[in-house]
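Take a look at the letters that make up each chain.
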Amino acid sequence: MSDAPADMSLMSPAQDAGRLTTKDGRPLKAALAAAEAQAKRKAFFLVLPLFLFVLITFVAPIGQLLHRSINNPGFTTHTDISSGTKTPIMVNIRDWFDANPAGTPPDEAAYEALAKDLVVLRELKAPGIVGTRINYERSGSRSLFTKTARKAAKLEPPYTEALLDIDEDWGDPQLWSVMRGASSAYTLNFYLAALDLTRDETGEIVSVNENRQVYVKLFTRTLVLSLLITFVCFVLAYPVAHLLATLPLRYSNLLMIFVLLPFWTSLLVRTTSWMVLLQSQGVVNDALVATGTIADDSRIQMMYNQTGTIIAMTHILLPFMILPLYSVMRPINPSYVRAARSLGATSWTAFRRIYFPQTIPGIGAGALLVFILAVGYYITPALVGGADGQLISNLIAFHMTKSLNWSLAAALAALLLGGVLVLYWLYDRLVGIDNLKLG
Amino acid sequence: MALPSHASTLEKVWHKSYLVICGLIFLFLIAPILIVIPLSFNAEPYFTFTEKMLSFDPTGYSTRWYDLLLTFGMDQPENTRDSSWWADVWANAAWVNAAKNSVIIGFFSTLLATVLGTLAALGLSRPEMPFRRAIMAVLISPMIVPIIITATGLFFFYSMTGLANSYVGVVMAHATLGIPFVIITVTATLVGFDHSLTRAAANLGATPTTTFFKITMPLILPGVISGALFAFVTSFDEVVVVLFVAAHDQQTIPRQMWNGIREQISPAILSVATILVIISILLLTTVEILRRRSERLRGVSPQ
């Protein structure tokens with residue numbers, strides 16, 4: 001309405017003969033804009049309640065998780081469990097860290113600060129918590145803290161000798177490097193740990209000891225297994241989807257039940273079924289023994305290893321591949337292939353040059369979806385995966401429930417989340433989430 | 001699909017083997033689900049077919065594992081089965097209590113997800129919705145983000161806000177997980193929705209509320225119901241969030257199964273699995289009927 005004069009309301013319809021107006025004298029353009037704005041508002045307010053709900057129950061928790069991955073106040077603030085009061089701790093030693101650059105060997109002032117802080121810790125009954133924080137990055141530190149804090153009140157100068165007397169680990173440069181890292185609540189050290197990296201005495205980033213490198217290996221395994229499962233799903237889904245798409249509808253609707261029933265069946269039920277089937281005393285092994293394919297004493301170990309994870313996950317994710325393939329294959333006009341054949345192409349050439357290229361969108365949609373779901377899988381690997389069939393999700397759960405290193409769990413989760421979101425963005429760009437179909 | 005009569009021998013052989021391959025893949029899809037049904041009637045505590053079962057000897061079959069579902073956790077399972085015995089089942093049996101919890105949580109999270117999700121889908125399917133794509137991406141993301149990440153985030157968030165260990169927390173989390181399904185099914189029903197119907201209603205003097213309940217609602221109802229069923233199944237099958245944020249005494253069926261599988265897998269798990277398979281068959285049938293009804297209502301005939 002940039003072209004509308006400012007005193008529009010003062011004009012009578014007669015003066016404004018060239019313009020179309022509504023009955024109440026408003027120019028049509030303005031009336032339309034108002035109506036459109038109102039429609040926009042209406043649509044927006046319909047979505048708003050759900051959007052706020054998801055913000056609270058989903059986006060905020062994810063935000064909290066990301067915050068947790070870069071923030072661990074274990075060495076800086078003590079929260080009393082019953083009253084909830086927060087007390088700053090390790091104040092003296094943190095001041096010393098601030099005053100001296102990384103790599104400075106600890107002097108008497110540093111040991112004196114440490115001894116003072118340990119006395120405070122003892123009064124707060126917090127040496128265990130602080131020790132646990134250091135223990136995440138240097139094992140054996142928890143007992144070091146609790147042991148020393150017990151004797152801290154009786155320590156006398158020179159503190160260097162006094163502390164080293166209690167345990168000579170206090171002279172370990174690595175311990176000091178870890179404490180320096182923990183002296184700020186905000187740290188990227190958990191991301192370093194999640195990538196098998198650490199800081200050496202001088203603060204340089206280096207790889208951790210080879211026998212302690214687990215996370216990169218596990219990320220790689222998750223990636224490789226997910227790719228493998230996606231590929232197997234594709235190989236199994238393609239012929240089935242093709243059959244369903246080319247059969248007359250009354251047959252294909254019936255056969256579709258075979259695809260949709262697994263889709264609707266509880267994940268735990270399907271995993272249980274596979275455990276029953278794949279056990280060494282299970283149905284598959286029994287059948288193989290009964291038919292004489294294998295001897296009774298050489299039953300195949302198909303569960304509690306990678307094989308179990310791959311078989312069960314392929315079964316569970318297969319419908320997610322079949323359905324997008326089917327919806328792309330169904331509308332493909334069969335006369336294209338017929339035309340190719342009548343022009344002299346062999347059936348293989350006709351498939352390869354004419355049919356297959358038309359199904360690529362479906363392959364992309366299915367493969368992306370299966371891959372996205374596979375990288376984050378938790379339940380099935382946890383139940384049938386054994387030791388070498390575990391994926392990155394299982395390690396996150398381990399750190400959440402067993403080792404209680406929540407910040408590391410959060411950092412691992414954040415890395416996984418980043419990968420999944422990139423794939424999700426890709427899926428939205430290539431396929432569009434509106435095209436997601438459920439049965 | 002039939003081959004033309006001029007097909008070469010090679011093509012005929014290939015066609016036959018193709019059908020066999022497809023048959024095997026269908027078997028791979030369905031066999032694991034159906035296999036638990038006969039095994040749940042095993043008289044022995046084994047996970048395989050005993051010789052008696054294979055020879056269809058009636059003594060090889062029993063319903064003892066179904067009985068265990070009722071008696072497990074009861075105060076006096078040995079008493080005569082009168083009304084007080086059944087009252088004991090209702091009050092104390094572990095699986096019955098888990099089922100009660102699952103249904104309560106499932107019902108409220110479905111209600112929440114369906115109401116909010118349907119409203120949002122109505123807004124999202126309007127062409128004038130601003131930031132449509134971005135908002136849709138956010139609302140669908142609970143389905144895409146790995147459940148362990150959601151559960152971890154909820155654990156941190158709920159322990160800070162005091163929602164941990166409460167029904168409200170679990171219901172809200174499950175509603176969030178069910179919302180993508182409601183949005184997808186309802187927006188799918190709204191594709192091709194004839195907006196001139198609502199305009200006609202308005203023209204004939206109906207208020208927006210009347211129009212919604214008399215015109216829009218009956219047309220999108222099949223989609224809403226299938227979305228609700230999806231949301232219910234999602235909640236009914238969810239274990240990770242429950243493990244992370246629910247209190248120890250808030251057992252649900254999946255949680256009880258999870259514990260059962262991890263600790264001592266007993267054939268009782270298979271009888272639960274059988275019941276769940278039967279439920280999913282019923283749900284699938286319902287959704288299929290609804291889908292056809294919706295297609296008929298909207299005049300979209302299947303190709």
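Just so it is clear, the structure is predicted and the values come from calculations on it, not from any experiment. (Residues numbered from 1 in each chain as written. Chains lettered and ligands numbered in written order. Predicted model: local features only at pLDDT ≥ 70, side-chain atom pairs only at ≥ 80, totals over all residues. Heavy atoms only, no water.)

**Q** Which residues make up the packing of aromatic side chains, and what values go with them?
**A** For the structure on display, the rule yields 31 aromatic pairs over all chains. With centroids separated by 6.0 Å and ring planes inclined at 65 degrees, the aromatic side chains of A:Trp406 and B:Phe156 adopt a geometry described as edge-to-face. Of this pair, A:Trp406 sits in helix α18 (residues 406-430) while B:Phe156 sits in helix α7 (residues 147-161), each in a different chain. Relative accessible area serves as the criterion here: at 26%, A:Trp406 is assigned to the partly exposed category. Look at B:Phe156 and you get buried, because its relative accessible area is 4%. One aromatic cluster is present, formed by A:Phe231, A:Phe234, A:Tyr238, A:Trp348, A:Phe351, A:Tyr355 and A:Phe356 through successive ring pairs. One residue, B:Lys100, lies across the ring of B:Trp90, its end atom 4.3 Å from the ring centre. (Phe/Tyr/Trp six-rings, centres within 6.5 Å; stacked < 30°, edge-to-face > 60°. Helix = DSSP H or I, 4+ residues; strand = E, 2+ residues; numbered from the N terminus. Buried < 20%, exposed > 50% of the residue type's maximum accessible area, 1.4 Å probe, protein only. Lys NZ or Arg CZ within 6 Å of the ring centre and 35° of its normal.)

**Q** Outline the nonpolar core, supporting the account with residue identities and numerical values.
**A** Ranked by internal contacts, the top residues of the largest apolar core, which has 174 residues, are A:Trp264, A:Leu317, A:Ile322, A:Ile379 and B:Ile149. Residues contacting A:Ile379, with those up to four places away along its chain left out, are A:Leu267, A:Leu268, B:Val239, B:Val240 and B:Trp258. Counting residues in hydrophobic clusters, the runner-up holds 31 residues, among them A:Ala113, A:Ala152, A:Ala162 and A:Ile166. (Core = buried A, V, L, I, M, F, W, Y, C linked by side-chain atoms within 4.5 Å. Contact = heavy atoms within 4.5 Å.)

**Q** Help me get a handle on the packing of α18(A) against helix α6 (residues 132-144) of chain B, residues and values and all.
**A** One way to put it is that α18(A) packs onto α6(B) with a least axis distance of 11 Å and a crossing angle of 130 degrees. As summarised for this structure, α18(A) and α6(B) are arranged oblique, according to the angle between their axes. Read as a crossing pair, α18(A) and α6(B) show a hand that is right-handed. Between α18(A) and α6(B), the residues in contact are A:Val420, A:Tyr424, A:Asp428 and A:Arg429 and B:Arg133, B:Met136, B:Ala137, B:Ile140, B:Ser141 and B:Ile144, respectively. When its residues are assigned to classes, the contact of α18(A) with α6(B) shows 6 nonpolar, 1 polar and 3 charged. (Axes fitted to C-alpha atoms, helices over the stretch in contact; angles between N-to-C directions. Parallel < 35°, antiparallel > 145°, perpendicular 65-115°, else oblique. Left-handed = near helix turned anticlockwise from the far one by under 90°. Nonpolar A, V, L, I, M, F, W, Y, C, P; charged D, E, K, R; others polar.)

**Q** Tell me what's going on with the domain arrangement of chain A, and back it up with residues and numbers.
**A** Residue and element names in this part refer to chain A. For chain A, the domain assignment lists domain 1 (6-70), domain 2 (74-212) and domain 3 (215-435). Relative to domain 3, the C-alpha centre of domain 2 lies at a distance of 47 Å. Contacts between domain 2 and domain 3 engage 7 residues on the former and 13 residues on the latter. For the pair domain 2 and domain 3, the two sides together bury roughly 840 Å², of which 67% comes from carbon and sulfur. On inspection of domain 2 and its partner domain 3, the count reaches 0 salt bridges. Our count for the domain 2 to domain 3 interface comes out at 3 residue pairs in polar contact (both at pLDDT 80 or more). (Domains from an automatic or database assignment. Buried area = accessible area lost by both parts, 1.4 Å probe. Salt bridge = Lys/Arg side-chain N within 4 Å of Asp/Glu carboxyl O. Polar contact = N/O pair within 3.5 Å; in protein donor to acceptor, adjacent residues only side chain to side chain.)

**Q** Break down unusual backbone geometry for me, with residues and values.
**A** All names here are of chain A. Here the amide bond leading from proline 157 into proline 158 is cis, since omega sits at -5 degrees, within 30 degrees of zero. Looking at the secondary structure, you find proline 158 in the loop between α5 (141-151) and α6 (159-166). Although it is not a glycine, aspartate 196 sits at a positive phi angle of roughly 60 degrees. Its place among the elements puts aspartate 196 in the loop between α8 (189-194) and β3 (197-199).

**Q** An account of the interface of chain A and chain B is requested, with residue identities and associated values reported.
**A** Opposite the 95 residues of chain A that make contact, chain B presents 90 residues. Of the roughly 8,400 Å² buried between chain A and chain B on both sides combined, carbon and sulfur atoms contribute 81%. Inspection of the chain A/chain B interface yields 2 salt bridges. For the salt bridge of B:Glu11 with A:Arg341, the shortest nitrogen-to-oxygen distance reads 3.1 Å. Taken together, the links from chain A to chain B amount to 13 residue pairs in polar contact (both at pLDDT 80 or more). Per-element tally for the side of chain A that touches chain B: the top contributor is helix α1 (residues 28-70) of chain A, with 22 residues. Here the residues of the side of chain A that touches chain B sort into 66 nonpolar, 19 polar and 10 charged.

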